[in-house]
Amino acid sequence: MERNITNDIVTEYINSFYTPVSPELGALRLEAEAQKVPIILKETESFLRVMLNIIEPKRILEIGCAVGYSSMFFSAVTGAEVVTVEKDPEMVAKASANIKRLGFDDKIRIIEGDGEECVNHLFEQGEKPFDIVFIDAAKSHYKRFLEASWKLCGQGTVIISDNVLFKARIASDIYDPTGKHKTNIKKMREYVEFITSDPRMETAVIACGDGVSVSKILNL
């Protein structure tokens, strides 16, 4: 895997301390990695595990489910109720099967569809606010996902966004020499600028994994 945010030696050292939450999730990680399914990186998971234990959320909203790995990780660490949104029908089917097989179907609710549309629908149905919003979906749409999710946040809600440095391409165009990712880079830069400058939030962008941002809502 291409890594430009931290070098491979540092990453290997950090990950030498990694342990999966459970053998079952450890096996699912290996399966997802072998199939090149994008799930949270080991070092990102280690960071999130500490964050979850600090925040102690009761309700988590996730946008971008993939095979259900992170949803189950969140639930396993915290016991929280997780609502996760996924647009790809194939991933929804795989995630549903994995969640049922590993016994998390009483804690995790999957909703199929576009992140913004599904979150708006949840709001219209009177869904209660969430303690954490985790965004890990289409990289060029983070801002609209956040803006939709805002209606389901309360003061103190923590918004965590993964892949915000996008293999360092967000920091410098030298990491996208052909311009292949120009649109995603532009949109993600706009998102990072937004979350770090909006006075309603306190935000840190962290060079962990593929880049993680942590924002706490101060004022709605």
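Anything mentioned here points back to the structure above.
All values reported here derive from a predicted model rather than from experimental measurement.

Each value, and the rule that gives it
- Residues numbered from 1 in each chain as written.
- Predicted model: local features only at pLDDT ≥ 70, side-chain atom pairs only at ≥ 80, totals over all residues.
- Heavy atoms only, no water.
- Helix = DSSP H or I, 4+ residues; strand = E, 2+ residues; numbered from the N terminus.
- Rg over C-alpha atoms; globule rule 2.2 N^0.38 Å.
- Buried < 20%, exposed > 50% of the residue type's maximum accessible area, 1.4 Å probe, protein only.
- Contact = heavy atoms within 4.5 Å.
- Areas by Shrake-Rupley, 256 points an atom, 1.4 Å probe, with all protein chains shown as cover.
- Lys, Arg positive; Asp, Glu negative; His and termini not counted.
- Charge placed at Lys NZ, Arg CZ, Asp CG, Glu CD.
- Salt bridge = Lys/Arg side-chain N within 4 Å of Asp/Glu carboxyl O.
- Expected span 1.5 Å × (residues − 1).
- Axes fitted to C-alpha atoms, helices over the stretch in contact; angles between N-to-C directions.
- Parallel < 35°, antiparallel > 145°, perpendicular 65-115°, else oblique.
- Left-handed = near helix turned anticlockwise from the far one by under 90°.
- Nonpolar A, V, L, I, M, F, W, Y, C, P; charged D, E, K, R; others polar.
- Patch = residues over 30% accessible without salt bridge, like charges linked within 9 Å, V, L, I, M, F, W, Y side chains within 5 Å.
- Phe/Tyr/Trp six-rings, centres within 6.5 Å; stacked < 30°, edge-to-face > 60°.
- Lys NZ or Arg CZ within 6 Å of the ring centre and 35° of its normal.
- Pairing = 2+ DSSP bridges.

**Considerations on the overall build of the chain**
Phase 1: If you tally the helices and strands in the chain, you get eight helices and seven strands.
Phase 2: Compactness check: the chain gives a C-alpha radius of gyration of 17 Å against a globular reference of 17 Å for 220 residues, within 12% of the reference.
Phase 3: Each principal axis of the C-alpha atoms in the chain carries an extent, and together these give about 45 × 40 × 35 Å.
Phase 4: Across the 220 residues that make up the chain, the buried fraction comes to 50%.
Phase 5: Long-range contacts, defined here as pairs at least 24 residues apart, represent 67% of the contacts in the chain between residues at least 6 apart.
Phase 6: Approximately 10900 Å² of the chain is accessible, and the part contributed by carbon and sulfur atoms is 54%.
Phase 7: Each charge class in the chain was averaged separately, 27 positive and 33 negative side chains, and the resulting centres sit 1 Å apart.

**Topic: the pattern of salt bridges**
Phase 1: Taken as a whole and assessed by the stated rule, the structure comprises 14 salt bridges.
Phase 2: Close ionic contact of Arg 144 with Glu 116 constitutes a salt bridge, the shortest N to O distance being 2.7 Å. Note that Arg 144 is positioned in helix α7 (residues 142-149) and Glu 116 in helix α6 (residues 115-124), a separation of 28 residues in sequence.
Phase 3: For Glu 116, a relative accessible area of 27% gives the class partly exposed.
Phase 4: Of the charged contacts in the structure, one is a salt bridge between Lys 186 and Glu 190, with a shortest N-O distance of 2.8 Å. Of this pair, Lys 186 and Glu 190 both sit in helix α8 (residues 182-197), four residues apart, which is roughly one turn of the helix.

**Overview of helix α3 (residues 42-55)**
Phase 1: The first and last C-alpha atoms of α3 sit 20 Å apart over 14 residues, in line with the 20 Å expected at 1.5 Å per residue.
Phase 2: The set of residues buried in α3 consists of Glu 43, Thr 44, Glu 45, Leu 48, Met 51 and Leu 52.
Phase 3: Just downstream of α3, Glu 56 is the residue with a positive phi angle, here 55 degrees.

**Description of the packing of α7 against α8**
Phase 1: In the contact formed by α7 and α8, the axes pass within 8 Å of each other and the chain directions differ by 40 degrees. Between α7 and α8, the angle falls in the class oblique. Taking contact as the criterion, the partners of Tyr 142, Lys 143 and Leu 146 in α7 are, on α8, Met 188, Tyr 191, Phe 194 and Ile 195.

**Comments concerning the packing of α3 against helix α4 (residues 69-78)**
Phase 1: Close contact between α3 and α4 brings their axes to 10 Å; oriented N to C, the two are set at 40 degrees. With respect to each other, α3 and α4 are oriented oblique. Crossing of α3 over α4 shows right-handed handedness. Residues Glu 45, Leu 48, Arg 49, Leu 52 and Asn 53 of α3 form the contact with α4, whose participating residues are Tyr 69, Phe 73, Phe 74, Val 77 and Thr 78.
Phase 2: Taken together, the residues of the contact of α3 with α4 sort by class into six nonpolar, two polar and two charged.

**Considerations on a nonpolar patch on the surface**
Phase 1: On the surface, Val 10, Tyr 13, Ile 14 and Phe 17 cluster together into a nonpolar patch covering about 410 Å² of accessible area.
Phase 2: Inspection of the secondary structure assignment puts Val 10 in helix α1 (residues 8-15).
Phase 3: Take Val 10: its relative accessible area is 36%, and that puts it in the partly exposed class.

**Focus: the packing of aromatic side chains**
Phase 1: In the structure shown here, the tally under the stated rule is four aromatic pairs.
Phase 2: Ring centres of Phe 73 and Phe 74 lie 5.7 Å apart, and the angle between their planes is 50 degrees; on these two criteria the pair is classed as tilted.
Phase 3: The exposure class assigned to Phe 74 is buried, which follows from its relative accessible area of 3%.
Phase 4: A cation sits over an aromatic face here: Arg 59 above Phe 130, 4.2 Å from the ring centre.
Phase 5: Across from the ring centre of Trp 150, 4.2 Å away, lies the NZ or CZ of Arg 200, which sits over that ring.

**What about the sheet that holds strand β7 (residues 212-217)?**
Strand pairing within a sheet occurs via backbone hydrogen bonds; the two strands may be parallel or antiparallel.
Phase 1: With mixed pairing, the seven strands of this open sheet are ordered in space as β3-β2-β1-β4-β5-β7-β6. The open sheet has two free edges, formed respectively by β3 (108-112) and β6 (201-206), since each of these has just one partner strand. For this sheet, the mean inter-axis angle between neighbouring strands, taken without regard to orientation, is 15 degrees.
Phase 2: Here five bridges tie strand β4 (residues 130-135) to strand β5 (residues 153-162), and the two strands are oriented parallel to one another. Within β5, the residue paired with Phe 134 across the bridge is Ile 160.
Phase 3: Against the sheet, helix α5 (residues 89-101) contacts β2 (81-86) and β3, and its axis sits at roughly 165 degrees relative to β3.

What is shown is where atoms sit, not what they do.
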